Amino acid sequence: MEVRIQSIHFDASDKLEAFIQKKAEKLEKFCDNIMKVEVSLKVVKPETAMNKEAGVRVLALNSEFYAEKISDTFEESIDVCMEARYIKLYKAKEKNQG
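Q: Which residues make up the pairing of strand E2 (residues 34-43), and what values go with them?
A: By the bridge criterion, 7 bridges tie strand E1 (residues 2-8) to E2 in an arrangement that is parallel. Looking at the pairing, Gln 6 lines up with Ser 40 of E2. In this fold, E1 hands off to helix H1 (residues 14-26), which returns the chain to E2; that crossover is left-handed. Across 9 bridges, the pairing between E2 and strand E3 (residues 52-60) is antiparallel. Each residue of the ladder has a partner; that of Ser 40, found in E3, is Gly 55.

Shown next as C-alpha cells:
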C-alpha cells in the first residue's frame, strides 16, 4: 500500500508523517485490497484555534472513500478521518462476506 502525504504551505514533521503512516497501516486490517492512502494537510485559518484540516482518501480495488475534518491539531483531524474510514471499510467488508 502506498501512503502519500501532502502538506500545503508548511512542512510536515517526521513525527507527524510517522503518525499518519501508522494510522494508514491500520486500515489494512479492515481491507486487504487498499492500493493507496492519500492524506492532505493544511492550515485553513492561521488566526484561529480550530484550523488544522486533514483530508484522507482511501483507494481500494473497487472503491474509494474520503473523509475531511478540521480540528485543533492535525493528529486529532487525522484520527477522526481514519476512524471514519475504519468504520466504512469494516462495514463494506461485512457486507461482502454476508
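Q: So what's going on with helix H2 (residues 74-97)? Residues and values would help.
A: With 24 residues, H2 extends 34 Å from end C-alpha to end C-alpha; this agrees with the ideal 34 Å at 1.5 Å per step. In this structure, the buried side of H2 is in contact with H1, E2, E3 and strand E4 (64-71).

Q: Help me get a handle on the side chain of Ser 77, residues and values and all.
A: Along the chain, Ser 77 falls in helix H2. Judged by its relative accessible area of 0%, Ser 77 is buried. Within the structure, the side chain of Ser 77 is placed 2.7 Å from the backbone oxygen of Lys 52, a separation counted as a polar contact. Residues within four places of Ser 77 in sequence aside, it is in contact with Lys 52, Ala 54, Lys 69, Ile 70 and Ser 71.

Q: Break down the sheet that holds E4 for me, citing the residues and quoting the values.
A: Taken together, 4 strands build an open sheet; the order of strands is E1-E2-E3-E4 and the sheet is mixed. Only two strands of the sheet have a single partner each, and these edge strands are E1 and E4. Across the sheet, the mean angle separating the axes of adjacent strands is 10 degrees when strand polarity is ignored. With respect to the sheet, H1 is in contact with E1 and E2, its orientation differing from that of E1 by roughly 140 degrees. Lying on the sheet, H2 is in contact with E2, E3 and E4; it crosses E4 at an angle near 150 degrees.

Q: How would you sum up the packing of aromatic side chains? Please name residues and give values.
A: Applying the stated criterion across every chain, the model contains 1 aromatic pair. On the numbers, 5.0 Å between centres and 15 degrees between planes, the contact of Phe 10 with Phe 74 is stacked. Highlighted residues: Phe 10 in the loop between E1 and H1 and Phe 74 in helix H2, separated in sequence by 64 residues. Using a relative accessible area of 22% as the deciding quantity, one classes Phe 10 as partly exposed. Accessibility expressed as a relative area gives 9% for Phe 74, which makes it buried.

Q: Which residues make up the packing of H1 against H2, and what values do they have?
A: Where H1 meets H2, the axes come as close as 10 Å, and the angle between the chain directions of the two elements is 10 degrees. When the axes of H1 and H2 are compared, the pair comes out roughly parallel. Mapping the contact onto sequence places Leu 16, Phe 19, Ile 20, Lys 23, Ala 24 and Lys 26 in H1 and Phe 74, Glu 75, Ile 78, Asp 79, Met 82 and Tyr 86 in H2. In the contact of H1 with H2, the residues fall into 8 nonpolar, no polar and 4 charged.

What counts, and at which threshold
- Residues numbered from 1 in each chain as written.
- Predicted model: local features only at pLDDT ≥ 70, side-chain atom pairs only at ≥ 80, totals over all residues.
- Heavy atoms only, no water.
- Pairing = 2+ DSSP bridges.
- Helix = DSSP H or I, 4+ residues; strand = E, 2+ residues; numbered from the N terminus.
- Right-handed = clockwise from strand over helix to strand, strands pointing away.
- Expected span 1.5 Å × (residues − 1).
- Contact = heavy atoms within 4.5 Å.
- Buried < 20%, exposed > 50% of the residue type's maximum accessible area, 1.4 Å probe, protein only.
- Polar contact = N/O pair within 3.5 Å; in protein donor to acceptor, adjacent residues only side chain to side chain.
- Axes fitted to C-alpha atoms, helices over the stretch in contact; angles between N-to-C directions.
- Phe/Tyr/Trp six-rings, centres within 6.5 Å; stacked < 30°, edge-to-face > 60°.
- Parallel < 35°, antiparallel > 145°, perpendicular 65-115°, else oblique.
- Nonpolar A, V, L, I, M, F, W, Y, C, P; charged D, E, K, R; others polar.

By themselves, these figures tell us nothing about what the structure is for.
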